[in-house]
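Fold and geometry: a report
Here is how the chains run, residue by residue.
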Amino acid sequence: SKKNGSLNVQTNPIIVNKKIFVASVDHHLLCLDAKTGKKIWKIKLPNIVAKRGLVWEENVDFKNSRLFVTTVKGVYAINAYSGKIIKDFGDNGAIGNQLSLIPPIVTNKSIIIAITKPALEAYDIKDGSLLWSTSLLKKDKEKILTGAVPWGGMSYDDIRNRVYVSTGNARPELVGINRHGPNKHTNSLV
């Protein structure tokens, strides 16, 4: 439609178990048959899908596998088989409660998300309870800096048990003459 003509999807689909999981420009998450393209299920999440990433969590029984989908109000846990929000995870199916632009990291104990606060947060992989939150901004004297939004991606080193995230500019983002001070953790790999 004309309304959606200027919108785009900035995430790769996930293909697993002969199914394709993909976000749409009209803020839906879809599961398609990988061979025929036929729609298996479609869900419109309560909040706009951020479109930069979703993650599939493997389970021995595919009926219990999950998708973690970033939105403008947190990351939702979706049952990959049924397409239903997993309401007993986090806060009614969501963790983070803020814009999350990049795919989360799933470890054997936690799900780590980047929010535009900017911060990294870890939640228990089983119930979605908050384990820790780390701000990506540092104080410069008494002034709190802004910027450092994590939107370039992140990765996890399971041997060192570390998360690496790339951050954006300090604010104002386009013209840097007003960005005095060290602006720690901006334009960085943290």
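Shown above is the structure to which this text applies.
Every chain begins its residue count from 1, and numbering advances along the sequence as written. A pLDDT threshold of at least 70 governs which residues receive local features in this predicted model, and a stricter bar of 80 or more applies before side-chain atom pairs are shown or counted, although totals over entire chains, interfaces and linings include all residues. In computing side-chain properties, one takes all heavy atoms of the structure into account and sets aside hydrogens as well as water.

Re the packing of aromatic side chains
The pairing test for Phe, Tyr and Trp rings, Trp by its six-membered ring, is centres within 6.5 Å, and the orientation test on the planes gives stacked under 30 degrees, edge-to-face over 60, and tilted for anything in between. Enumeration according to the criterion identifies three aromatic pairs in this entry. Residues phenylalanine 21 and tryptophan 41 carry aromatic rings whose centres are separated by 6.0 Å and whose planes lie at 40° to one another, so their mutual orientation is tilted. Within this pair, whereas phenylalanine 21 is found in strand E2 (residues 19–23), its partner tryptophan 41 is found in strand E4 (residues 39–44), the two being separated by 20 residues in sequence. As far as the burial class goes, phenylalanine 21 and tryptophan 41 line up, both buried. Seen in terms of ring centroids, phenylalanine 68 and phenylalanine 89 are 5.7 Å apart; in terms of plane orientation they differ by 55°. Their pairing is tilted. With phenylalanine 68 in strand E6 (residues 66–71) and phenylalanine 89 in the loop between strand E7 (74–79) and strand E8 (94–95), this pair connects stretches of sequence that are 21 residues apart. Assessed through its relative accessible area of 0%, phenylalanine 68 is described here as buried. Exposed residues in this analysis have more than 50% of their type's maximum accessible area, buried residues have under 20%, and partly exposed residues fall in between, with area computed by a 1.4 Å probe over protein chains only. On the basis of relative accessible area, phenylalanine 89 is assigned to the buried category, the value being 1%. Where helices and strands are cited, they refer to DSSP runs of H or I of at least four residues and of E of at least two residues respectively, numbered from the N terminus.

A word on the pairing of strand E3 (residues 28–33)
For E3, the tally of buried residues reaches five of six residues, placing the bulk of the element in the interior. Linkage of E2 to E3, two consecutive antiparallel strands, is achieved through a turn of four residues, within which histidine 27 is found at a positive phi near 70°. Whether two strands pair depends on DSSP finding at least two bridges between them. For E3 and E4, the ladder comprises five bridges, and the chain directions are antiparallel. Within E4, the residue paired with leucine 30 across the bridge is lysine 42. Counting the residues that bridge the hairpin from E3 to E4 gives five residues, and of these glycine 37 lies at a positive phi of roughly 80°.

Purely spatial values, then, with no claim about function.
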